Amino acid sequence: MQITALEWILTIVVILGLFVFDFFAHVRTPHDPTFKESGTWSAIYIGLALVFGGFVAWKWGSTFAGEYYAGFVTEKALSVDNLFIFVIIMSSFAVPRIYQQKVLLIGIVLALVMRGVFIAVGAAAISAFSWVFYLFGLFLVYTAVKLLRESGHEVEQEGKRDSRIVALAKRVLPTTDEYDGDKLLTWIDGRRVITPLLLALLAIGFADLLFALDSIPAIYGLTEQPYLVFTANAFALMGLRQLYFLIGGLLDRLVYLSYGLSAILAFIGVKLVLHALHENTLPFVNDGRHVKIPEISTPVSLSVIIGILLIATVASLIKTRGAARSVESRVAD
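Residues numbered from 1 in each chain as written. Predicted model: local features only at pLDDT ≥ 70, side-chain atom pairs only at ≥ 80, totals over all residues. Heavy atoms only, no water.

A. Region of the structure containing the nonpolar core. If you look at the biggest cluster of nonpolar residues, it comprises 86 residues, and the most contacted ones within it are Y68, F86, I89, L261 and I268. Beyond its immediate stretch of four places on either side in the chain, F86 contacts L104, I204, D208, F211, L240 and Y244. (Core = buried A, V, L, I, M, F, W, Y, C linked by side-chain atoms within 4.5 Å. Buried < 20%, exposed > 50% of the residue type's maximum accessible area, 1.4 Å probe, protein only. Contact = heavy atoms within 4.5 Å.)

B. Up close: the side chain of S316. Within the secondary structure, S316 sits in helix α11 (residues 298-332). Setting aside its immediate chain neighbours within four residues, S316 contacts R253, L254, V255, Y256 and L257. (Helix = DSSP H or I, 4+ residues; strand = E, 2+ residues; numbered from the N terminus.)

C. Main features of the packing of helix α2 (residues 35-60) against helix α9 (residues 240-247). Running from N to C, α2 and α9 cross one another at 135 degrees; their axes reach a closest spacing of 8 Å. On the basis of their axis angle, the class for α2 and α9 is oblique. The hand of the α2/α9 crossing is left-handed. Residues F35, S38, G39, W41, S42 and Y45 of α2 lie in contact with α9, whose contacting residues are Q242, L243, F245 and L246. A class-by-class count of the residues in the contact of α2 with α9 yields 6 nonpolar, 4 polar and no charged. (Axes fitted to C-alpha atoms, helices over the stretch in contact; angles between N-to-C directions. Parallel < 35°, antiparallel > 145°, perpendicular 65-115°, else oblique. Left-handed = near helix turned anticlockwise from the far one by under 90°. Nonpolar A, V, L, I, M, F, W, Y, C, P; charged D, E, K, R; others polar.)

D. Spatial organisation of the side chain of E67. Within the fold, E67 resides in helix α3 (residues 62-92). We note that E67 is buried and unpaired, the nearest opposite charge coming from K271 at a distance of 7.5 Å. Polar contacts involving the side chain of E67 include one to the side chain of T223, which spans 2.7 Å. (Lys, Arg positive; Asp, Glu negative; His and termini not counted. Salt bridge = Lys/Arg side-chain N within 4 Å of Asp/Glu carboxyl O. Polar contact = N/O pair within 3.5 Å; in protein donor to acceptor, adjacent residues only side chain to side chain.)

E. Quick peek at the packing of α3 against α9. Relative to each other, α3 and α9 sit at 65 degrees, their axes nearing to 10 Å. The pairing of α3 with α9 is recorded here as roughly perpendicular in orientation. Our pair here, α3 against α9, has a crossing hand that is right-handed. Along the contact surface, α3 presents K76, S79, V80, L83, F86, V87 and M90, while α9 presents L240, L243, Y244 and I247. By residue class, the composition of the contact of α3 with α9 is 9 nonpolar, 1 polar and 1 charged.

F. View of a nonpolar patch on the surface. Taken together, F129, W131 and L135 make up a surface patch of nonpolar side chains, about 290 Å² in accessible area. Relative to the assigned elements, L135 resides in helix α5 (residues 132-150). (Patch = residues over 30% accessible without salt bridge, like charges linked within 9 Å, V, L, I, M, F, W, Y side chains within 5 Å. Areas by Shrake-Rupley, 256 points an atom, 1.4 Å probe, with all protein chains shown as cover.)

G. Representation of helix α7 (residues 196-220). Given a rise of 1.5 Å per residue, 25 residues ought to cover 36 Å, and the 36 Å separating the end C-alpha atoms of α7 matches this to within 8%. Residue A212 marks the point of greatest curvature in α7, where the axis turns by about 30 degrees. The buried count for α7 comes to 19 of 25 residues, which makes it a mostly enclosed element. (Expected span 1.5 Å × (residues − 1). Bend = angle between axes of the 7 residues up to and from the residue.)

H. Expanded view of the packing of aromatic side chains. In total, this model carries 16 aromatic pairs according to the counting rule given. For the ring pair F52 and Y227, a centre distance of 6.3 Å and an interplane angle of 45 degrees mean the geometry is tilted. Taken together, the residues F52 in helix α2 and Y227 in helix α8 (residues 226-237) connect sequence positions 175 residues apart. Judged by relative accessible area, which is 12%, F52 ranks as buried. Between F52 and F235 the ring centres are 5.2 Å apart and the planes differ by 35 degrees, which places this aromatic pair in the tilted class. Highlighted residues: F52 in helix α2 and F235 in helix α8, separated in sequence by 183 residues. Per residue, the accessibility class of F52 equals that of F235, and both read buried. The rings of W8, F52, F55, W58, W60, Y68, Y69, F72, Y227, F230 and F235 are connected pair by pair, giving a single aromatic cluster. (Phe/Tyr/Trp six-rings, centres within 6.5 Å; stacked < 30°, edge-to-face > 60°.)

I. Region of the structure containing helix α1 (residues 5-27). Helix length check: α1, at 23 residues, gives a terminal C-alpha distance of 32 Å against a target of 33 Å (1.5 Å per residue), a fit within 8%. Along α1, the positions that sit buried rather than exposed are T11, I15, F19, D22, H26 and V27. Looking at the buried positions of α1, the neighbouring elements they touch are α2, α4 (97-128), α8 and α9.

J. Structural context of the pairing of strand β1 (residues 185-188). Note that β1 and strand β2 (residues 191-194) share 4 bridges and pair antiparallel. By the bridge assignment, T186 is partnered in β2 with V193. In sequence, β1 turns back onto β2 through a hairpin of 2 residues, with D189 there showing a positive phi of about 55 degrees. (Pairing = 2+ DSSP bridges.)

Laid out in structure tokens, this is it:
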């Protein structure tokens, strides 16, 4: 897959243009977005992502389109899990709802920039060292186990992390506990200080950095094309702000989402290890020769990922609906 410098530049300009449009059309004036607004724009951005996949199929072929779709679905699923952390951060910093859009959009742009750096580093590492797939695969399996162990304790984990960020910021920077509209900085007694809105943004930025450590190795397990990795990440992050307001109330019902994401990360981790064995050059593994081992195809990967997400979602909704009915029956008694 050959991508020219001009194609890279045009892609980045279009993506940044969409974020600029989002800011001036929806975020510049603070407001609480309606369900209709959030739903409409979520659908538009997902539609754009699907159309771009069609463009990839037309220009570079169905194989690369399949890799893009698999990467997009995986990144979108991981981004939904990110939303739960965003809810915790917004709550812990008591960010007024009308200002949450600004924090989210800036945080998402920062996330895309950080992921761009990780994508470039990952591409360089893969190009220079084929054995890096072993590291990516083992890291994803470790992450899957860690996510499984922390499932149900996200509030405690994020609360501790936010407390450390706030403590560090207040120790080295002048801060205030009072909001000043949607300003990130304000003046108090002739001194410029940081508002809680900027502290919340720092917390989201740090969380985005941690998310990138998981998501970039995961998508490199589905495609080795940096262009597809970048665009899949960009389209997954695009519309995340609207999705936050659209399904914020449903996140508590997705009780098995972490288990599903853990299974997906473990699956991709195993896929990466199999690929590393197939391309093996390490002298202490099979005498430095490639290991003749079957690899997991992109269609199979996409089917497994979608299947796991469907099972986790349906099981979550059944579980929480049953719990809600149980509570209602006890109240009625």
